[in-house]
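# Secondary and tertiary structure notes
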There are 2 protein chains.
Amino acid sequence: MKEKIRIGYIGLGRRGYAIIRDCLAQMKDVEFVTLCDQVPERMERAAKLLEENGKPRPTFTTDYKTILADPTIDAVFIMTGWNTHMEMTKASLLAGKYTGIEVGCAYDLQECFDLIDAYEQTKAPLMMLENCCYGRREMMALNILKQGLFGEIVHCRGGYLHYLPGTELLAETDPSHYRLTEYAQRNCEQYPTHELGPISKVLHINRGNRMMKLTSTASKARGLETYSERHLTSESSYPIQKYNQGDIVNTCITCAGGETILLTLDTTLPRAYYSRDFTVRGTLGMYMEERKVLFFEGMREEIANNEEEFFAKYDHPLHAEYTKLGEKAGHEGMDWLVCRAFVESVKRGVNTPIDAYDTVTWMSIAPLSEMSIQKGGAPVDIPDFTRGKWMRREPIVEGKYCLDDVCVDNETPIM
Amino acid sequence: MKEKIRIGYIGLGRRGYAIIRDCLAQMKDVEFVTLCDQVPERMERAAKLLEENGKPRPTFTTDYKTILADPTIDAVFIMTGWNTHMEMTKASLLAGKYTGIEVGCAYDLQECFDLIDAYEQTKAPLMMLENCCYGRREMMALNILKQGLFGEIVHCRGGYLHYLPGTELLAETDPSHYRLTEYAQRNCEQYPTHELGPISKVLHINRGNRMMKLTSTASKARGLETYSERHLTSESSYPIQKYNQGDIVNTCITCAGGETILLTLDTTLPRAYYSRDFTVRGTLGMYMEERKVLFFEGMREEIANNEEEFFAKYDHPLHAEYTKLGEKAGHEGMDWLVCRAFVESVKRGVNTPIDAYDTVTWMSIAPLSEMSIQKGGAPVDIPDFTRGKWMRREPIVEGKYCLDDVCVDNETPIM
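First, a word on scope: everything that follows refers to the structure included in this document.

Calculation criteria
- Residues numbered from 1 in each chain as written.
- Chains lettered and ligands numbered in written order.
- Predicted model: local features only at pLDDT ≥ 70, side-chain atom pairs only at ≥ 80, totals over all residues.
- Heavy atoms only, no water.
- Least-squares fit on C-alpha atoms with pLDDT ≥ 70 in both.
- Contact = heavy atoms within 4.5 Å.
- Phe/Tyr/Trp six-rings, centres within 6.5 Å; stacked < 30°, edge-to-face > 60°.
- Helix = DSSP H or I, 4+ residues; strand = E, 2+ residues; numbered from the N terminus.
- Buried < 20%, exposed > 50% of the residue type's maximum accessible area, 1.4 Å probe, protein only.
- Lys NZ or Arg CZ within 6 Å of the ring centre and 35° of its normal.
- Salt bridge = Lys/Arg side-chain N within 4 Å of Asp/Glu carboxyl O.

### Observations concerning the relation of the copies chain A and chain B
In the superposition of chain A on chain B (RMSD 0.0 Å, axial shift 0.0 Å), the rotation amounts to 180 degrees. Classification of the inter-copy transformation places it as that of a two-fold axis. No C-alpha of chain A approaches the rotation axis more nearly than that of A:Ala378, which lies at 2.6 Å. A shared interface surface links the copies, since 100% of the contact residues of chain A are contact residues in chain B too.

In structure tokens form, the structure reads like this:
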């Protein structure tokens, strides 16, 4: 097992910087070899932060291939915008690097198959750094599931319910945000992984189960245009224009085991609160993150609402242990834990708890939902990116920083 | 305008009896001419109740056609099980009676067209007695909508989220409940009208808008079987068996105006609370009955949760007036108001605020969702039962007991 891992880090925008500041700069077993960004000031800012944290100053490059060509680098973080993920990830896998990528989806199915081909060629582990898989409530549900208290899982629901205009979209402070182009041009479930990640783990997707097909239905697109009409001035960086992205997109997925998943994208109409609406429904019980309700058959309702008591009883051991470290910044510990899961996998030389098959399956939802919407809501087959391996891949428990039911994969040779 | 209306009343089971007890027996302008049921004791019990309320004793019949043949009867209530609604309703319309029917769906599209044909032949008004259209929260949303505060409506959501095993289904106290057969044999959105009724009013369905198509996705069916295995004894009236009805059914509807509707049937997996999940999403604001949240763009979150303040500001005038009558039993006044809406329409000789087109459109959702599920979630066209009239039918405000934006229909001749 490695004592330290040597990383190359691509993309130092808002998210890329935050992950260094809140997580990686504080980890003694992570050494930054090279930073990559198109903006030198961003690299300088990150290097300064690393030095302040007692780490050696990394080298800089504007060409990510420099990182891939460095044989001393163990792992690559890809923290760029969605539109560059696929190309960089494929190159990183073909270079044999452990690859951690920020969340985001594919544009096309062929890109997904290309990633799988690259992975199967080199077996370099690929992990989407889906922090919500490590949310305290999501992991509590996983813990309860393991104890059998939900019974047989029948349905899960989740969504990205987050009003973006004025912050992520159409904000005058961030006039170049790449996401706006996606909303102007596409119409699909653009951003499903915060909910689909944890749901996939609950449903053992790619390890005993798989997603078979989906239908997507998009409402008309009126939110961004209305916001623009009401809030943009003549000095604004943005035009008042029409957008293609439907305000609400509902996607229904059917799994091999007969379970269904409902995903909702809800980001451009005014709403009162943020939620991922993470919901687990079994034959014996339910959990709803949004209402903070945990309920088992026959339970009295007032007990179902006592979240502190549930945490005391069912908190996932990983979160209990994490809490001892003291509160870290970054989405209530999710960022810290997802980074640790990746770093530990690299140190141990084992597959990542969210692996290439998970990553690519989740990334495929955007183009698949786009096809369904274009076909008027017709069902679209979800490819089996495991090529049949989902039936026999076993959940194996190992490693305290790994998602406990999906850790080391026996079949993947250690690099 | 009639001072009193003379009614025939078919079906004196749990629901039929409750509507008399909580509503009609207390109305001075309603006279019961004839009761109809297969069980004489039920008719006796209802007649006794009417006499206790100072009403003349009605006659009894076991053949509903006796009621239809009576020329002195103005209006017919059909309060029987789902499986007899269509036949009786058609006969009642052909007999030229004002017809009020308890909620329920069709089994087949042809039945729906038959009802429309019968209605168009006699123009006898038909009203589904969908009490949830008169819910305080649903009507508050309608009131806010009328004031333009939601902006343009983009999406609505609702569900029937009600755990039925042990009460409506598989209860030893009610071993003959007809609904269980529906759950054993069918797999569809069986019971959408509690949410779809109010949503249709918000979206002006059949009056300027229409539902164009739907897709339905059903989870596996495990809830009733699991409940049976755990709770039924050898002395039980029920076998332990498999059921066809998926535990969770999600239905996505697309409307002519580009709005979408999400309906959820959720009745057989343990859940913590009852909800109709009535949700309205517009370009300027949202309302969620489940969380009691009303929110307009830019509002502070703590204000969004103050339901009493919202009632004070936005309560529908009908509910404000109703409250002065003193609290009535029956689902927080909904039953009272829906009955008044029907009775007032009969007295005035005008069309009903929920009319034949609404009723039949809502009833068609069950067979349409069944088709979609059978076709693996394929989109299914929703017929235009108005045959084009939806484009020109105007909402007209009149009558204090009518749903205020959909009352008298100019095109329908007064009988």
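### Quick notes on the packing of aromatic side chains
A complete count under the given rule lists 26 aromatic pairs over all chains for this structure. Measuring from centroid to centroid gives 5.5 Å for B:Tyr119 and B:Tyr357, while their planes differ by 85 degrees, and the two rings are edge-to-face. In this pair, B:Tyr119 sits in helix H5 (residues 109-122) while B:Tyr357 sits in helix H14 (residues 356-363), placing the two residues 238 residues apart along the sequence. B:Tyr357 matches B:Tyr119 in its accessibility class, with the two residues each being buried. What links up through ring pairs into an aromatic cluster is the set A:Tyr9, A:Phe32, A:Phe77, A:Tyr98 and A:Phe342. Over the ring of A:Tyr191 we find A:Arg179; its NZ or CZ atom is 4.5 Å from the centre of that ring.

### What about unusual backbone geometry?
Of note, B:Asp277 is a non-glycine position whose phi angle comes to about 55 degrees, a positive value. Turning to its location among the elements, B:Asp277 is positioned in the loop between strand S10 (260-266) and strand S11 (279-282).

### Overview of the pattern of salt bridges
Inspection of the entire model under this criterion finds 70 salt bridges over all chains. One salt bridge in this structure joins A:Arg14 and A:Glu168, with 3.1 Å as the shortest N-O distance. Of this pair, A:Arg14 sits in helix H1 (residues 14-22) while A:Glu168 is found in the loop between strand S7 (153-161) and helix H7 (179-185), placing the two residues 154 residues apart along the sequence. Note that A:Arg276 is salt-bridged to A:Glu138, the shortest N-O span being 2.9 Å. Placement of the pair is A:Arg276 in the loop between strand S10 (260-266) and strand S11 (279-282) and A:Glu138 in helix H6 (residues 136-146), with a sequence separation of 138 residues. A:Arg276 gets classed as buried once you look at its relative accessible area, which sits at 10%. Here the salt bridges do not stand alone but share partners, grouping A:Glu152, A:Glu259, B:Lys220, B:Arg222, B:Glu225 and B:Lys242 into one network.

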